[in-house]
Amino acid sequence: MLTVLLAVALAAILYTVSSWVSSQQRPASFPPREPSLLPWIGSAISYFSDPHGFLARCHKRHGPVFRLLLGGRNVIVVSSPATIFAIYASDIAVPGFTHNQVFRAVIGREQQRTKFDLERDIFPVLDQTLSRRSLGALTRSLAQIMFAKIEHLTQVQETQISIMPLLTKPLYDALNDILLGERFASGTFEDFYILDASMPKRLTGEPFWFFPSMQARKRIFSRLLDYVAGSQGENEGLIGGKFVKALRQSDVSQNEQACHLLAFVWGTHANTQGVLIWMFLFLFMDPVAFHAIRNEIDGAIKDVFGDLQGFLADADPTNLDGPHFALLTSAIVETMRLTVKIMGLRVASRDFDLKDGDKTIRVRKGEWLMGNVDAAHSEESSYPDNQKFVYDRFANCDQREGKWPTEGKPWFSMGSGRHVCKGKYVAMYELKISAILFLHLFDITPVGGAPAPWWPLPPQRRIIGIPHADEVVVQVRPRDWTK
């Protein structure tokens, strides 16, 4: 029996190898295919072990467009900015990474089949509530609530604290207060941080010891279940009550409502917090950038708002945009360019032809299309010294109100086309308000002197989404901002 099994296994191996060899002898086709010895699995192991490193190696071998086999799925990877934009703008290539994937990663199971549809029931609410013209009250409230949460630090001579809770806890609590209301305003940050740390492995389905994150999720879920049970469907923050009302109208159980809200909470905070931490780490590594942006902020508070109290009263989108914050805006956009490592996945809803320069890619229904955003953001012709943080890279671009200073450059950190991020304006103003308050109010320096070279990341560092930053302890001293 053992002999038979060995013979069968050997035959399978020989068949796989011979199939691979024969495939390599076929005439070259476009786009080229990354070879793999494993049927069905394809390149999945190499990809999920180091997504960006693997794609970079494929890009070097094959050029800006190639095919992969990932777990039974045929994936076409494109890197040229024009082709990525065409995919994002197309109504034929529909999103492949949806609320259901986030739901499954956060909750640990598929969402139940109900009448609820996020795109139909919630996207219109987000379009209305989070549009730039509707954000004045939100941004002013955010500045005031955040200041109230960090004002006590201005009365302390100095303190040492990890940069993560210093920067992100006030933002997390303040935004929850505004979006979900006071009944779910605070008390879950530590559990959110534990859950978020497990998300790279959760999103890829990688086995890991996740008991701490399960317990953290359980505690946040309990708070959200109470929130849902007590909700009247109104006066529950800008989004929370409307979200619960839409779920109830679709006959979604309270338990499932809390699950959807938990996925929403994670999506609201995770990426913005990552960008905020990395921007400060980049500024610590570049004292010239740090002081230039601080001087710009101090000048804008004096010239545009009069003083800090004026800023807290008038921190609306019109005053947060424009050339008086050009360096700060540039630093935020540059941080996103470097750190937002999210791949744009789309699924072809029918056969179609996709142009890539002077070549045509024949796409079949059901094939996946991946925008290699990292490669587009590393294009040397658009971004010289592309692996470096250049704080003023976008400072001389268009700084008009409501515009992102990225026009004419390949930049996909907030999506593009038909599926641009619904919260892109909120994210930008969150980051601006946070940076303005912390840089204006405090001297913040890493403990232990000169910072370590946090960037570029080691080649073997595995990244899904925004890379998690190492814990950095900082010294915080209040500045005399009354002068």
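Residues numbered from 1 in each chain as written. Predicted model: local features only at pLDDT ≥ 70, side-chain atom pairs only at ≥ 80, totals over all residues. Heavy atoms only, no water.

- Under an unreviewed UniProt entry, the name given to the protein is Cytochrome P450, and the source organism is Scleroderma citrinum Foug A.
- The UniProt entry for the protein carries the following text under Cofactor (unreviewed entry): "heme". (UniProt positions renumbered as here; feature names shortened; annotations may be inferred.)

## Thoughts on the pairing of strand S2 (residues 73-78)
Then step 1. Examined bridge by bridge, strand S1 (residues 65-70) and S2 share 6 bridges and lie antiparallel to one another. Paired with phenylalanine 66 across the bridge in S2 is valine 77.
Then step 2. In this structure, the hairpin formed by S1 and S2 is closed by a connection of 2 residues, where glycine 71 is found at a positive phi of approximately 55°.
Then step 3. Here S2 runs beside strand S8 (residues 368-371); their pairing, made up of 4 bridges, is parallel. Residue pairing across strands places isoleucine 76 opposite leucine 369, the latter belonging to S8. (Pairing = 2+ DSSP bridges. Helix = DSSP H or I, 4+ residues; strand = E, 2+ residues; numbered from the N terminus.)

## Some details on unusual backbone geometry
In most cases, non-glycine residues show a negative phi, while peptide bonds are predominantly trans.
Then step 1. Residues tryptophan 455 and proline 456 are joined by a peptide bond in cis, for which omega reads 0°.
Then step 2. Structurally, proline 456 is set in the loop between strand S9 (442-446) and strand S10 (473-478).
Then step 3. Although it is not a glycine, aspartate 251 sits at a positive phi angle of roughly 60°.
Then step 4. Relative to the helices and strands, aspartate 251 is located in the loop between helix H13 (240-249) and helix H14 (254-285).
Then step 5. The backbone of aspartate 385 shows a phi angle near 55°, a positive value even though the residue is not glycine.
Then step 6. Mapped onto the fold, aspartate 385 is located in the loop between helix H19 (373-376) and helix H20 (424-441).

## A closer look at the environment of methionine 214
Then step 1. By secondary structure assignment, the location of methionine 214 is in helix H12 (residues 211-230).
Then step 2. On the accessibility criterion, methionine 214 (30% relative accessible area) is partly exposed.
Then step 3. Separated by 20 residues in sequence, methionine 214 and isoleucine 194 place their C-alpha atoms 9.1 Å apart. (Buried < 20%, exposed > 50% of the residue type's maximum accessible area, 1.4 Å probe, protein only.)

## Section: the sheet that holds S10
Then step 1. Strand order across the open sheet formed by 3 strands is S4-S10-S9, with antiparallel pairing between neighbours. Whereas interior strands pair on both sides, the edge strands pair on one side only; in this sheet they are strand S4 (159-162) and S9. Taking each pair of neighbouring strands and ignoring which way they run, the sheet shows an average axis angle of 30°.
Then step 2. Taken together, the 5 bridges between S9 and S10 define a ladder with antiparallel strand orientation. Its bridge partner lying in S10, isoleucine 444 is registered against valine 476. (Axes fitted to C-alpha atoms, helices over the stretch in contact; angles between N-to-C directions.)

## Observations regarding the nonpolar core
Then step 1. Phe280 and Phe311 are the most contacted members of the largest nonpolar core, which has 116 residues in total.
Then step 2. Top element by residues in this core is H14. It accounts for 19 residues.
Then step 3. Those residues in contact with phenylalanine 280, other than ones at most four positions away along the chain, are Ile163, Leu167, Ala435, Phe438, Leu439 and Ile444.
Then step 4. Counting 17 residues, the second-largest nonpolar core is a separate cluster that includes Ile84, Tyr88, Ala93 and Ile361. (Core = buried A, V, L, I, M, F, W, Y, C linked by side-chain atoms within 4.5 Å. Contact = heavy atoms within 4.5 Å.)

## Remarks on the packing of aromatic side chains
Then step 1. As enumerated under the stated definition, the model contains 18 aromatic pairs in all.
Then step 2. Feature note: the residues Trp278, Phe282, Phe389 and Trp455 constitute an aromatic cluster, connected by ring pairs.
Then step 3. The lysine or arginine in question, arginine 337, covers the ring of tyrosine 383, its NZ or CZ lying 4.7 Å from the ring centre. (Phe/Tyr/Trp six-rings, centres within 6.5 Å; stacked < 30°, edge-to-face > 60°. Lys NZ or Arg CZ within 6 Å of the ring centre and 35° of its normal.)

## Focus on the packing of helix H15 (residues 287-305) against H20
Then step 1. Across the interface, H15 lies against H20 with an axial gap of 9 Å and an inter-helix angle of 95°. Regarding the angle of H15 to H20, the classification is roughly perpendicular. Contacts between H15 and H20 involve Phe290, Ile293, Arg294, Ile297, Asp298 and Ile301 from the former and Ala435, Ile436, Leu439 and His440 from the latter.
Then step 2. Among the residues forming the contact of H15 with H20, the class breakdown is 7 nonpolar, 1 polar and 2 charged. (Parallel < 35°, antiparallel > 145°, perpendicular 65-115°, else oblique. Nonpolar A, V, L, I, M, F, W, Y, C, P; charged D, E, K, R; others polar.)

## A short note on the UniProt feature "binding site: heme" (unreviewed entry) in the protein
Then step 1. Mapped onto this structure's residue numbering, the UniProt feature "binding site: heme" (unreviewed entry) falls at Cys421.
Then step 2. Secondary-structure assignment places cysteine 421 in the loop between H19 and H20.
Then step 3. We classify cysteine 421 as partly exposed; its relative accessible area is 33%.

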